[in-house]
Amino acid sequence: HRLLLENAEQLVLVCGRREPYLRRDGAASLGVLRAASLVVGLDGCIKAVGQADVIRNQFSEATFERIIDCSGKCVLPGLVDAHTHPVWAGDRVHEFAMKLAGASYMEIHQAGGGIHFTVEHTRKATEDELFTTFQHRLGRMLRAGSTLVECKSGYGLNLETELKMLRVIERAKKSMDIGISSTYCGAHAVPKGKTATEATDDIINNHLPKLKELKLSGEIHVNNIDVFCEKGVFDLESTRRILQAGKDIGLQINFHGDELHPMKSAELGAELGARAISHLEEVSDEGIVAMARAKCAAVLLPTTAYMLRLKQPQARKMLEEGVIVALGSDFNPNAYCFSMPMVMHLACVNMKMSMNEALAAATINAAYALGKSDTHGSLEVGKQGDLLIINSSRWEHLIYQFGGHEALINYVIVKGKVVYENERCETMSSF
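Residues numbered from 1 in each chain as written. Predicted model: local features only at pLDDT ≥ 70, side-chain atom pairs only at ≥ 80, totals over all residues. Heavy atoms only, no water.

Labelled according to an unreviewed UniProt entry, the chain appears under the name Probable imidazolonepropionase, originating from Certhia brachydactyla. Taken from UniProt, the Cofactor (unreviewed entry) comment for the chain reads in full: "Fe(3+)". What UniProt records for the chain under Catalytic activity (unreviewed entry) is the sentence "4-imidazolone-5-propanoate + H2O = N-formimidoyl-L-glutamate". (UniProt positions renumbered as here; feature names shortened; annotations may be inferred.)

So this is what it looks like as structure tokens:
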């Protein structure tokens, strides 16, 4: 066997009956075992979870590549970040001052800033330059506890640059320990010199057929399709056409909707069988009901509402209506945050989620939003051995401490392999 984690103070299963997601009631009672151990096999999958003495007897004859004593520590599933834009050149630190002075997202966008500024720099960057910064960012996400991350293209807005970004994501999938779900987001903004209709036609007639061809040849495997459905960007009809065309080539629908204006994106997503919709600050009551009925996950992004001073998404109302609520960092040049522990903290404080709901939203439900909850998002036998060990006797410290996860996360483990070991934790007693 590859790994034995012994005698954890708390082992947080999240769920234990192969649930594909947790709604509000399920999240209320997260499974937590005390004095528990866990075994990961050489295939990277969890072989056993249970009381320490039972596991010790069951595996008394077994050999392990590595044994970690988890006394006084907590074991949790690896975190899942359901929404990021991590491949780009050209940060927007200069725009932060404009935002603080009161400029809105759309004002900056219309003045040639925002997405367009980053697009210009990303088009000029080489594939190797993009890969180097992307690798560095993924490393920071991993050290903050994310073991599965959704990664979007979308700062190319032309076929050549979008493919360059998707190739960079593909390279990381093959060469890095972190799990990646890749998303084609060519409809992130309307490119300069084109109308939304022209951009839509270009995506449907040129971009998607090329993606289909590269998928068949095994060069690029894209998982999801995304569109920024927004007033002044892609309207409902253009969004519908692009998403449907993506679905027709086998991509999961996972798009930006109802962020700055109510667009009826949620209703559209439910109708098209979308796996997930992100943002939803301006979602309608009908949209919430439609998403609950369609089992379409809501990926809420507390960093965005916080940075742009938007009204917070109605997490409580969604939970009460039975929506599957997930979380993402929305890491991008506008919301520069790598840390899902900080995202969970903001979700609890600003969106009034409980700590249990936030953890479920950043594990099993975020995995569900990516179509991966059969293999990721909880500590159950048969699932991939992705987990965190924190240097604290209560798991809630991961959310309670705002920032400072650098001294709390002791180990990050992917497929039973320790990919990050934090020496600092060994010298500090658990606070």
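Following the structure, the description resumes.
**Student:** So what exactly am I meant to see when it comes to the domain arrangement of the chain here?
**Tutor:** Assigned domains of the chain: these are domain 1 (3–18 + 29–78 + 379–421) and domain 2 (86–370). Each side of the interface is counted separately: domain 1 has 26 residues, and domain 2 has 20 residues. Around 2,000 Å² of area is buried between domain 1 and domain 2 when both sides are counted, 75% of it from carbon and sulfur atoms. Contact with domain 2 buries surface across domain 1, with Ile399, Phe402 and His405 losing the most and accounting together for 29% of the total. (Domains from an automatic or database assignment. Contact = heavy atoms within 4.5 Å. Buried area = accessible area lost by both parts, 1.4 Å probe.)

**Student:** Looking at this model, I keep getting lost on the packing of helix α7 (residues 159–175) against helix α8 (residues 196–216). Mind explaining?
**Tutor:** The relative placement of two packed helices comes down to the angle between their axes together with the axis-to-axis distance. Here α7 crosses α8 at 35°, and the two axes come no closer than 11 Å. The handedness of the crossing between α7 and α8 comes out as right-handed. Of the residues in α8, those in contact with Leu159, Glu162, Leu163 and Leu166 of α7 are Asn206, His207, Lys210, Leu211 and Leu214. For the contact of α7 with α8, a count of residues per class yields five nonpolar, two polar and two charged. (Axes fitted to C-alpha atoms, helices over the stretch in contact; angles between N-to-C directions. Helix = DSSP H or I, 4+ residues; strand = E, 2+ residues; numbered from the N terminus. Left-handed = near helix turned anticlockwise from the far one by under 90°. Nonpolar A, V, L, I, M, F, W, Y, C, P; charged D, E, K, R; others polar.)

**Student:** What exactly am I supposed to notice about the packing of aromatic side chains here?
**Tutor:** Aromatic ring pairs: the centre-centre distance and the angle between the two ring planes describe each pair. With the rule as written, the count across this model stands at seven aromatic pairs. With a centroid separation of 6.1 Å and 80° between ring planes, the pair formed by Trp88 and Tyr336 is classed as edge-to-face. Here Tyr336 lies in the loop between β13 (325–327) and α14 (340–350) and Trp88 lies in the loop between β6 (79–81) and α3 (93–100), a separation of 248 residues in the sequence. Taking relative accessible area as the criterion, Tyr336 reaches 43% and is therefore assigned partly exposed. Seen in terms of ring centroids, Tyr336 and Phe338 are 5.4 Å apart; in terms of plane orientation they differ by 90°. Their pairing is edge-to-face. Aromatic ring contacts, followed pair by pair, group Trp88, Phe331, Tyr336 and Phe338 into a single cluster. Its end group placed over the ring of Phe131, Arg171 keeps NZ or CZ at 4.1 Å from the ring centre. When the ring centre of Tyr368 is taken as reference, the NZ or CZ atom of Arg275 above it lies at 4.3 Å. (Phe/Tyr/Trp six-rings, centres within 6.5 Å; stacked < 30°, edge-to-face > 60°. Buried < 20%, exposed > 50% of the residue type's maximum accessible area, 1.4 Å probe, protein only. Lys NZ or Arg CZ within 6 Å of the ring centre and 35° of its normal.)

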